[in-house]
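Structure at a glance
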Amino acid sequence: MDAGFTELESTAMSATLNAAREGYRGANPLVGAAILTHDGQIVVGHHAGAGSPHAEVDAITTAIDRNVDLATSTLLVTLEPCAHRGRTGPCTQAIIDAGIPDVVFALSDSNGVASGGEYILAEAGVRVRSGLGRGESLALNARWRAAVDAGRPFVTAKFAQSLDGKVAAADGTSQWITSAASREHAHLVRSRVDAILVGTGTALADDPRLNARGPDGEPLETQPVPVVLGMTSLPPESFLALNPDTMHLRTHDVGAALSELYARGVRHVLVEGGPSVLGAVFAADLVDEVFCYQAPMLIGPGRSSVEGLGMSTLSEAISLVPDETGEPAVSQLGPDVLLHFVTEAGPG
C-alpha cells in the first residue's frame, strides 16, 4: 500500500489500472477511473478510444446510473484529469459538476495541451492528491509518453506473414497469405488510426487503397489518411494517386516523416510496409505497438516481413512484450494466430 493512502484507495487504484487495460492503444493514453464510495463500493470506467467518453466521465455516468452518492465519494484515475476541450469536454469540469470532493490520480499528464487539471480542481475546492499507482501507470503508457515527448504520432506496425516469416513467395506472390478473418481484423485496426503508411515499393506493387472497410467490404464513413513514403512518383491512374487525401512524403527518413505527420495533426499512424519501411521504423525505435498476423503455412525462399535491421548478434535484438489490453496478446483468427506486442520503452 502506498504511503499516505488507505487500503481501500489502493484497491480502487488497482481497479482503475485494470479498467485502463480494457482500452485500445493509439492517439490517446490508456486511462482507467473508479468511484470509491464512502461505504467501500468501487465503480470503474475506462476510455475506449478517440471520441468516446473519457474514463472519469465513464465512471461518473455509471455511478449516477447506480444512484451512487458522488458528494461523499472519491474519484481515482490513472492520469491527471484533462483540462482542455477536444472531441469531448474537459474532465475537470465534469468532476466539478458532479460534486465529487476528493480526487486521487496516479500520474501527471505530460501533454501540455491537456495538463493543468490538478490546479483547476484545487481552485474549485476539490481535494487533490497524486502518486498512488504512479509506477504502474507510467509503465502502462510508457511508449505513448515517449511518442508525445518526441513530438511524433503513436506508431502501430502491422504485418501478415507465413510461419517462416515471409510476406511474399520467391516469385513475389503474396495474396493471400492470411485468412479473410485476419484481413477483417486488420480493417478494424485501420478504422482506429489517423493514417496508414506504406513505402513506394508497396504502393507500386500492390496498388492499394489504404482504406478501412467494414465486415461487408464497404468503406467506412470515416477514413484514415493514406500516406506514401519515398521518392518515386505514383502512377497517375493508381488508387492512391487518384485519392485527393493521399499524402506523398518524398523522403526516406522515417523520423522526419513522422514529425511531419505530427505537424499535420496525425496522432496515430499504422505502418503496413513494405519490409524495408518496417525495418526502418523498427531500427529507429519508432514502433510502439505490433500486430503480427501469423498464417499456418511455410513459404520457403521469399521476402522476409522485416528487412534492413542490420543486426549481427542476438544481443542486438529488439525486445517485444505481449500486450494484454483491449486486444489480447494472442488470439485466433480463423486458421491464423494474431500476436499483439508492445515494444519496451526506449528513447522513442
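Keep in mind that this is a model prediction, so the values were computed, not measured.

What counts and how
Residues numbered from 1 in each chain as written. Predicted model: local features only at pLDDT ≥ 70, side-chain atom pairs only at ≥ 80, totals over all residues. Heavy atoms only, no water. Helix = DSSP H or I, 4+ residues; strand = E, 2+ residues; numbered from the N terminus. Buried < 20%, exposed > 50% of the residue type's maximum accessible area, 1.4 Å probe, protein only. Pairing = 2+ DSSP bridges. Right-handed = clockwise from strand over helix to strand, strands pointing away. Contact = heavy atoms within 4.5 Å. Salt bridge = Lys/Arg side-chain N within 4 Å of Asp/Glu carboxyl O.

1. Here's the deal with the environment of glycine 133
Tracing the backbone through its elements, the reader meets glycine 133 in the loop between β5 (127–130) and α5 (134–140). Looking at glycine 133, the relative accessible area reads 5%, which means it is buried. The spacing of glycine 133 and valine 321 is 188 residues in sequence and 21 Å in space, taken between C-alpha atoms.

2. Details of the pairing of strand β9 (residues 225–229)
Most of β9 is tucked away: 4 of the 5 residues are buried. Where strand β8 (residues 195–199) meets β9, 5 bridges bridge the pair, whose relative direction is parallel. Directly across from valine 198, in β9, lies its bridge partner valine 228. In this region the chain leaves β8, passes through helix α8 (residues 200–206) and returns to the parallel neighbour β9; the handedness of that crossover is right-handed. Alignment of β9 against strand β10 (residues 247–249), held across 3 bridges, turns out to be parallel.

3. Topic: the environment of isoleucine 196
Inspection of the secondary structure puts isoleucine 196 in strand β8. Separated by 14 residues in the primary sequence, isoleucine 196 and leucine 210 place their C-alpha atoms 6.5 Å from one another. The residues contacting isoleucine 196, other than those within four sequence positions of it, are Arg190, Leu210, Pro224, Val225, Pro226, Val227, Leu270 and Glu272.

4. Points about the pattern of salt bridges
Summed over the entire model, instances satisfying the criterion amount to 12 salt bridges. One salt bridge in this structure joins arginine 129 and aspartate 102, with 3.2 Å as the shortest N-O distance. Here arginine 129, found in strand β5, pairs with aspartate 102, found in strand β4 (residues 102–105); they are 27 residues apart in sequence, far enough to count as distant. Overall, the relative accessible area of 9% leaves aspartate 102 in the buried class. Where glutamate 327 meets arginine 192, a salt bridge forms, and the shortest distance between an N and an O atom there is 2.8 Å. Here glutamate 327 is found in the loop between β14 (320–322) and β15 (330–333), whereas its partner arginine 192 is found in helix α7 (residues 180–192), with 135 residues between them in sequence. Under the relative-accessibility criterion, glutamate 327 is labelled buried at 8%. When its relative accessible area of 25% is taken as the criterion, arginine 192 is described as partly exposed. Connected through salt bridges with shared partners, the residues Glu9, Asp102, Arg127 and Arg129 form a single ionic network.

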